Amino acid sequence: MKLVVGNQKAYLQKSEVINFIEKTKSELCKNAVICPSSLYMEYFKENSSYILGGQNVAMLDTGTATGEITAKQLKEMNAKYTIVGHSERRANQKEDSEMLVGKIKRLYENEITSILCVGEGREVKEQDSTKDFVGKQLIDVLDNLTKEEIASLVIAYEPVWAISTGGAPSVTPTNEEIADVVSYIKDLVNDKYEVSLKVLYGGSVNSKNIETLNEITQVDGYLIGGASVKPDEFNYIMEKCLQ
Ligand code: 13P
């Protein structure tokens, strides 16, 4: 079974959340992870059987952090996973490796699995430097964690150029390209830290490409954005990955 994680970003209003839960109700939900906007976490907790995840966490476990959500608060919401270092936050909130290390440590202390996102932008891809770039993103964080903390992670490989923007037609890498980078990530973590980790793929995963993506044996699951807020899309993906 693949690990299916829906990153609902900031797409939904409350009425749409209610509709999503209603239209995706099935036995499969209890094996899928949904990372809702934090405003709706409690609603998901009370009204669905999804495994819950956060989209972000504060790097410090302190009350004096206006606008933040702490790992302790996520734990109270029964979150089992939390996304760390999503490319949108790296770009917009200027999150750097030091901040990501703090976030992962707080999550580890609260027994929440961090989903650490890595991935190259279009320019890096065109310069054929994907592995160097992704390798550095990983090492900058992993070098500052204990072996136990590293072993608690899931990695998500999300090439920034493949993430849907809502407007432009989406592009996905070929299966060979994904397999190559995912294998590289697994080997690097194995060789350098002696830990074997699950690696997810993210970037325009949808009902049309899920069966093709499922042929990549190295990929342990998916981090899904746009298709995780569309009930029909998400139902189809859950059917193809969770049974
Ligand atoms: P899309 O599936 O919309 O491309 O988003 C991917 C993503 O950013 C998940 O974290």
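All figures in this text were calculated on a predicted structure; none of them were measured in a lab.

Novice: Looking at this structure, I do not really get the environment of K103. What am I missing?
Specialist: Looking at the secondary structure, you find K103 in helix α5 (residues 97-109). The buried category is assigned to K103, whose relative accessible area is 4%. With 46 residues separating them along the chain, K103 and V57 place their C-alpha atoms 6.1 Å apart. Those residues in contact with K103 that sit more than four places away from it in its chain are N56, V57, A58, M59, V84 and E95.

Novice: Would you mind going over the sheet that holds strand β3 (residues 51-54) with me for this structure?
Specialist: Each strand in a sheet pairs with another by means of backbone hydrogen bonds, the pair being arranged parallel or else antiparallel. With parallel pairing, eight strands are arranged side by side around a closed barrel as β1-β2-β3-β4-β5-β6-β7-β8. Across the sheet, the mean angle separating the axes of adjacent strands is 25 degrees when strand polarity is ignored.

Novice: Please clarify how the site of the ligand should be interpreted in this entry.
Specialist: Inspection of the region around the ligand gives N7, K9, H86, E158, I163, S164, G203, S204, L223, I224, G225 and G226 as its neighbouring residues. One of the side-chain N or O atoms of H86 is found 2.8 Å from an oxygen atom in the ligand. At 2.9 Å from an oxygen atom of the ligand is found a main-chain nitrogen or oxygen belonging to G225. Alone, the ligand offers 300 Å² of accessible surface; in the complex the protein occludes 99% of this. Classifying every residue of the shell around the ligand gives three nonpolar, seven polar and two charged.

Novice: Please explain the state of the cysteines as it appears in this structure.
Specialist: What makes a disulfide is a covalent bond joining the sulfur atoms belonging to two cysteines. Evaluation of the coordinates by the stated rule reveals zero disulfides. C35 takes part in no disulfide bond, and the closest cysteine sulfur, belonging to C117, lies 9.3 Å away. Its relative accessible area of 2% is what places C117 among the buried residues.

About the cut-offs
Residues numbered from 1 in each chain as written. Predicted model: local features only at pLDDT ≥ 70, side-chain atom pairs only at ≥ 80, totals over all residues. Heavy atoms only, no water. Helix = DSSP H or I, 4+ residues; strand = E, 2+ residues; numbered from the N terminus. Buried < 20%, exposed > 50% of the residue type's maximum accessible area, 1.4 Å probe, protein only. Contact = heavy atoms within 4.5 Å. Pairing = 2+ DSSP bridges. Axes fitted to C-alpha atoms, helices over the stretch in contact; angles between N-to-C directions. Near = heavy atom within 4 Å. Polar contact = N/O pair within 3.5 Å; in protein donor to acceptor, adjacent residues only side chain to side chain. Areas by Shrake-Rupley, 256 points an atom, 1.4 Å probe, with all protein chains shown as cover. Nonpolar A, V, L, I, M, F, W, Y, C, P; charged D, E, K, R; others polar. Disulfide = S-S within 2.5 Å.

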